[in-house]
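Spelled out, the chains give:
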Amino acid sequence: MATTSAELIIFDHLFEHYVLGDLELPNRLVMAPLTRMRADADGVMGELNAEYYAQRATAGLIIAEGAFPHSSGKSYPGQPGIETDAQIDGWRLVTDAVHCAGGRIFLQLMHGGRIGHERITPGGGRPVAPSAVKPQGDARIAGEKVPFDEPRAIELSEIVDVQEHFAQGAQNALDAGFDGVELHGANGYLLHEFLSDVTNLRSDEYGGDAPSRCRFVVETAQLVAERIGAARVGIRLSPEQNVNDISETEAQALYPHLLGELNAVGLGYLHVMETPPDAGWSSIAMARENWNGTLIANSNFQVDWPLEQADELIAEGRADLLCYGRRFISNPDLVARIRAGAPIAEADFRTFYGGGAEGYTDYPPLGDES
Ligand SMILES: Cc1cc2nc3c(=O)[nH]c(=O)nc-3n(C[C@H](O)[C@H](O)[C@H](O)COP(=O)(O)O)c2cc1C
């Protein structure tokens, strides 16, 4: 429980140290991966991005936004990559700035699967997915929204290439100075699409029953772990999270199985988004029960966790680390604000995606609001 002194509520559990692999985290607050679509047209990050991340370096851990390990997995204009030398050099500006400011930073590796468009993919390729199941909704293409197309079902022979892209992307991330990588297995992108019985209709060894639908994710995690060391690899999952038109009807059976298999890989952490309020079960409780290692908890797009609840989650040992997204967008000094019991600024959703410094690096720190 949080303790109260006069008017000030002290969320002291959020300020306990935590050892994550070879990193010493000064607090339990993790900055969520947040796609901001502010890389250049070639997926290269620069000084502005370095400033943005460095401003948030007091987080116990930053997980940088989903980056494509290969251009065929790009989902959004302005999304960064971690494939070319220029992209690696751009990210190095970011990691140097964060480390100089005393922070720690992982990179989320993301293949967008069917959430993309041939007008976004460099070279114009059609997005791939486990099966040719078209998502409802629109792709974001430079100020325009264009309906998603039906994806192309990935060939069995291509799977090994995509897995290799993840492993190479992880190596590139370390070369760029990241402390580790997070595999994006959430929110309806490629890994999640393999797990879902609605988007994965394959009849080969990567589709069918739950163990077969887990195969792509488990093999990818194994390969990445072999390449850069399991302790430097985390994975993010979002059971029953209905974004990007993903849905799952067998999540309560699949995820415990998946975690059992991932336990054997020995990953550095598991990052779980809480099931939406209407799911009727808690993915975080399921994860604590089935996962042997470090657990990072995040709410979801529908629910904004109050600080009391976040502190309680850590105090009661229901998770080890607490991840906030939107609060870190609008409060570069979120950690100091929580510690001081200061007001938390609201994020402006109109500047979430794309643009420049406005709504990105211009949220003022405490005491500098005028
Ligand atoms: C602008 C924006 C961009 C996001 N980009 C990503 C992303 O790149 N990868 C990811 O796993 N989740 C992404 N998310 C989800 C957040 O990481 C987080 O799960 C969600 O915002 C709920 O947490 P919160 O209530 O603390 O914001 C994004 C959310 C927002 C608002």
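Please read these numbers as outputs of a predicted model, since none were measured by experiment.

K.L.:
So what's going on with the site of the ligand? Residues and values would help.
P.N.:
In the region of the ligand, 22 residues are neighbours, and Ala32, Thr35, Gly66, Gly325 and Arg326 sit closest. For the shell around the ligand, the secondary-structure elements that each account for two or more residues are β6 (61-67) and α9 (326-330). Split by residue class, the shell around the ligand holds eight nonpolar, nine polar and five charged.

K.L.:
Account for helix α1 (residues 47-55), with residues named and values stated.
P.N.:
Among the residues making up α1, those that are buried are Asn49, Ala50, Tyr52, Tyr53, Ala54 and Gln55. Contact partners of the buried residues in α1: β6, α2 (85-100) and β7 (105-109).

K.L.:
Describe in detail the pairing of strand β9 (residues 138-141), supporting the description with residues and values.
P.N.:
In terms of strand pairing, β9 meets strand β10 (residues 144-147) through four bridges, oriented antiparallel. By the bridge assignment, arginine 140 is partnered in β10 with lysine 145. Counting the residues in the hairpin turn of β9 and β10 gives two residues, including alanine 142, whose phi is positive at 35°.

K.L.:
Mind laying out the packing of helix α5 (residues 210-228) against helix α6 (residues 251-265), listing which residues take part and the relevant values?
P.N.:
Two elements in contact, α5 and α6, have axes separated by 10 Å at closest approach and are oriented at 25°. Overall, the two elements α5 and α6 adopt an arrangement that is roughly parallel. As for the relative orientation of α5 and α6, their crossing is right-handed in sense. Contacts from Ala210, Pro211, Arg213, Cys214, Val217, Val218, Ala221, Gln222 and Ala225 of α5 reach α6 at Ala253, Leu254, His257, Leu258, Glu261, Leu262 and Val265.

K.L.:
Which residues make up the confidence of the model for the protein, and what values go with them?
P.N.:
With 97% of its residues at a pLDDT of 70 or more, the protein shows a mean pLDDT of 95. Averaged pLDDT values for the elements of the protein fall to 46 in strand β1 (residues 3-5) and rise to 99 in β7. Considering only residues more than four positions removed or in separate chains, one finds that residues 1-6, a stretch of pLDDT under 50, has eleven contacts.

K.L.:
Before we move on, can you summarise the sheet that holds strand β13 (residues 233-237) with the specific residues and values?
P.N.:
The parallel closed barrel is built from eight strands, whose spatial order is β5-β6-β7-β12-β13-β14-β15-β16. On average, adjacent strands in this sheet sit at an angle of 25° to one another, irrespective of strand direction. Contacting β14 (269-273) and β15 (294-298), helix α7 (residues 283-290) crosses the sheet at an angle of about 160° to β14.

K.L.:
Could you give an account of the nonpolar core, naming the residues involved and the relevant values?
P.N.:
Nonpolar side chains in soluble globular proteins tend to end up buried together. If you look at the biggest cluster of nonpolar residues, it comprises 91 residues, and the most contacted ones within it are Val30, Tyr53, Val181 and Leu322. In this structure, tyrosine 53 is in contact with Ile62, Ala64, Val94, Ala97, Val98 and Ile105, ignoring residues within four places of it in sequence.

K.L.:
Pulling in residues and values, what's your account of the environment of arginine 56?
P.N.:
Along the chain, arginine 56 falls in the loop between α1 and β6. In this structure arginine 56 touches Met31, Ile62, Phe328 and Pro332, once residues within four positions along its chain are discounted.

K.L.:
Give a detailed account of the environment of alanine 225, specifying residues and quantitative values.
P.N.:
Turning to its location among the elements, alanine 225 is positioned in helix α5. Judged by C-beta crowding, with 22 C-beta atoms within 10 Å, alanine 225 ranks as buried. When the C-alpha positions of alanine 225 and glutamine 302 are compared, they lie 32 Å apart, and in sequence the two are 77 residues distant.

K.L.:
Requested: an account of α7, with residues and values cited.
P.N.:
An α-helical turn contains 3.6 residues, so a residue and the one three or four places further along point in the same direction. Among the residues making up α7, those that are buried are Ser283, Ile284 and Ala287. Relative to the axis of α7, the buried residues are bounded by an arc of 100° and lie together on one face.

K.L.:
Which residues make up the pairing of β6, and what values do they have?
P.N.:
Most of β6 sits inside the fold, with seven of its seven residues counted as buried. The sheet contact formed by strand β5 (residues 29-31) and β6 spans two bridges and is parallel. Directly across from valine 30, in β6, lies its bridge partner leucine 61. In this sheet, β7 lies alongside β6 in parallel orientation, the contact comprising four bridges. Opposite isoleucine 62, over in β7, you have isoleucine 105 as the bridge partner. The handedness of the β6 to β7 crossover, carried by α2, is right-handed.

Conventions we followed
- Residues numbered from 1 in each chain as written.
- Predicted model: local features only at pLDDT ≥ 70, side-chain atom pairs only at ≥ 80, totals over all residues.
- Near = placed C-beta within 6 Å.
- Helix = DSSP H or I, 4+ residues; strand = E, 2+ residues; numbered from the N terminus.
- Nonpolar A, V, L, I, M, F, W, Y, C, P; charged D, E, K, R; others polar.
- Buried ≥ 20, exposed ≤ 12 C-beta atoms within 10 Å, placed from the backbone.
- Contact = placed C-beta atoms within 7 Å.
- Pairing = 2+ DSSP bridges.
- Axes fitted to C-alpha atoms, helices over the stretch in contact; angles between N-to-C directions.
- Parallel < 35°, antiparallel > 145°, perpendicular 65-115°, else oblique.
- Left-handed = near helix turned anticlockwise from the far one by under 90°.
- pLDDT = per-residue confidence, 0-100.
- Core = buried A, V, L, I, M, F, W, Y, C linked by C-beta atoms within 7 Å.
- Arc of directions from axis to C-beta.
- Right-handed = clockwise from strand over helix to strand, strands pointing away.

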